[in-house]
Amino acid sequence: MRSRISTLLFLCLLMTGIVEGQSAFKFNAKRVSVGTVYHYVKTNVDGTKPENISLYVATVDRIESFKFHEKGSRAGLVIADMDWTIFSAKKLESWQVSSGDERKLFATLTYRAAEKAVEVSIPQMRPTSEFAKIEQLPFHLYNFDLASLNLSFPHLAVPRGNFTVGIADPTFNADGPMFAYRGELAVRYEKTEIRNGGKCRRYAASGTGIGGKGTIWVDKKKGYIRDMEFDVANNPDWSTFKLRLIRTEKMSEREWKRFIAAQF
């Protein structure tokens, strides 16, 4: 009887569009576009300070984010292993890249389910790793440009519903913890509209996790982010945050490596 009541309650929540946390998502492997590269440009909301970000779906549960300036001498590569049972990254590796095959591991993050915490290691800052409690699942990194949330959008159980996720990030402070859970981000469906060349579902997003508010436009058919704007930056080098899709394309893993090498 109790199980039946829980099922009915869940169905009612689906109908009203207020399912929270993990319950808002339902994994479908067919919705993972393996081999697709999403090319974005990150800027302030006013378009200043551009940086290229190419997000590659390497496998069903691995994504790679390459941040670069064309023909630069150094770039960043973040490799994330997704855990689709919690719709979050269970492991991240941040690499400093100086050529196609010259990489230096800068930081790692591992989610420890038993402790409900992440273990973070940044050897250049601290000799030992640190732990930070995660209070809300799924959780995402704003500094990772919400890439794991981006890849989770296609799995929304109710695309026109509302949901809440946790946000955790580097602190960018020399003293104190290197990493911290910042709070929640509430995402609320608003309407369907044309944005950045495609029909999108528009969501309002705000909460203590980011400390501000913003708008996310998600491609209505495929579920990836076409545009995103927040009034708070996700890195001290910017004043606000905007991520705009430039194009998508298919690549093999070998082609992806060649693409990275060609940017230096």
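Residues numbered from 1 in each chain as written. Predicted model: local features only at pLDDT ≥ 70, side-chain atom pairs only at ≥ 80, totals over all residues. Heavy atoms only, no water.

> Whenever I open this one, the overall build of the protein confuses me. Can you help?
Across its full length, the protein holds three helices and 15 strands. With the C-alpha coordinates aligned to their principal axes, the bounding extent of the protein is approximately 60 × 45 × 35 Å. Each of the 264 residues in the protein was classed as buried or not, and the buried ones make up 48%. A separation of at least 24 residues holds for 49% of the contacts in the protein among residues at least 6 apart in sequence. Split by element, the accessible area of the protein, about 13000 Å² in all, is 52% carbon and sulfur. With 39 positive and 29 negative side-chain charges, the protein shows a separation of 7 Å between the mean positions of the two kinds. (Helix = DSSP H or I, 4+ residues; strand = E, 2+ residues; numbered from the N terminus. Buried < 20%, exposed > 50% of the residue type's maximum accessible area, 1.4 Å probe, protein only. Contact = heavy atoms within 4.5 Å. Areas by Shrake-Rupley, 256 points an atom, 1.4 Å probe, with all protein chains shown as cover. Lys, Arg positive; Asp, Glu negative; His and termini not counted. Charge placed at Lys NZ, Arg CZ, Asp CG, Glu CD.)

> Help me understand the packing of aromatic side chains, please; the structure alone is not making it clear to me.
What characterises a pair of aromatic rings is the spacing of the ring centres plus the angle enclosed by the ring planes. Under the criterion given, the structure shown has 18 aromatic pairs. When the ring of Phe-66 is compared with that of Phe-68, the centres are 4.8 Å apart and the planes differ by 20 degrees; the resulting orientation is stacked. The pair Phe-66 / Phe-68 is uniform in exposure class, with both members buried. A network of ring pairs unites the aromatic residues Phe-25, Phe-27, Trp-84, Phe-87, Phe-153, Phe-163, Tyr-189 and Tyr-203 as a single cluster. Over the ring of Trp-238 we find Lys-49; its NZ or CZ atom is 5.7 Å from the centre of that ring. (Phe/Tyr/Trp six-rings, centres within 6.5 Å; stacked < 30°, edge-to-face > 60°. Lys NZ or Arg CZ within 6 Å of the ring centre and 35° of its normal.)

> Help me understand helix H3 (residues 253-261) in this model?
Because an α-helix completes one turn every 3.6 residues, residues spaced three or four positions apart along the sequence face the same direction. Taken together, the buried positions of H3 are Trp-256, Phe-259 and Ile-260. One side of H3 carries all its buried residues, which in axial view fall inside an arc of 95 degrees. Set apart from the buried face of H3 by more than 90 degrees, the exposed residues are Arg-254 and Arg-258. (Arc of directions from axis to C-beta.)

> Quick question: what am I supposed to make of the pairing of strand S4 (residues 75-83) here?
Working note: regular strand, side chains alternate between the two faces of the sheet. Inspection of the sheet shows strand S3 (residues 62-68) paired to S4 by six bridges, in the antiparallel sense. Residue pairing for S4: Ile-63 is matched across the bridge by Ala-80. Following S3, the chain reverses through six residues before pairing antiparallel with S4; Lys-71 in that reversal takes a positive phi of roughly 55 degrees. As judged from the nine bridges shared by S4 and strand S5 (residues 88-97), these two strands associate in the antiparallel manner. Each residue of the ladder has a partner; that of Ala-75, found in S5, is Val-97. Here S4 folds back onto S5 in antiparallel fashion, the turn holding four residues, of which Phe-87 has a positive phi close to 50 degrees. (Pairing = 2+ DSSP bridges.)

> Sorry if this is basic, but what is going on with unusual backbone geometry here?
The residue after Leu-137, namely Pro-138, is reached through a cis peptide bond having omega -5 degrees. Here Pro-138 lies in the loop between strand S8 (130-133) and strand S9 (139-140). If you check the backbone angles, Phe-172 has positive phi at about 60 degrees while not being a glycine. The topology assignment puts Phe-172 in the loop between strand S10 (162-170) and strand S11 (179-195).

> Hey, could you run me through the nonpolar core in this one?
For soluble globular proteins, nonpolar side chains are generally found buried alongside one another. Residues Val-118, Phe-153, Phe-163, Ile-216 and Phe-230 are the most contacted members of the largest nonpolar core, which totals 57 residues. It is S11 that contributes the most residues to this core, five residues altogether. Ala-58, Phe-66, Met-251 and Phe-259 belong to the second largest nonpolar core, which has 13 residues in total. (Core = buried A, V, L, I, M, F, W, Y, C linked by side-chain atoms within 4.5 Å.)

> Can you help me understand the confidence of the model for the protein in this one?
For the protein, per-residue confidence averages 92 on the pLDDT scale, and residues scoring 70 or more make up 91% of the total. Within the model, pLDDT remains below 50 along residues 1-20, and this stretch shows 15 contacts once partners closer than five positions in the same chain are excluded. (pLDDT = per-residue confidence, 0-100.)

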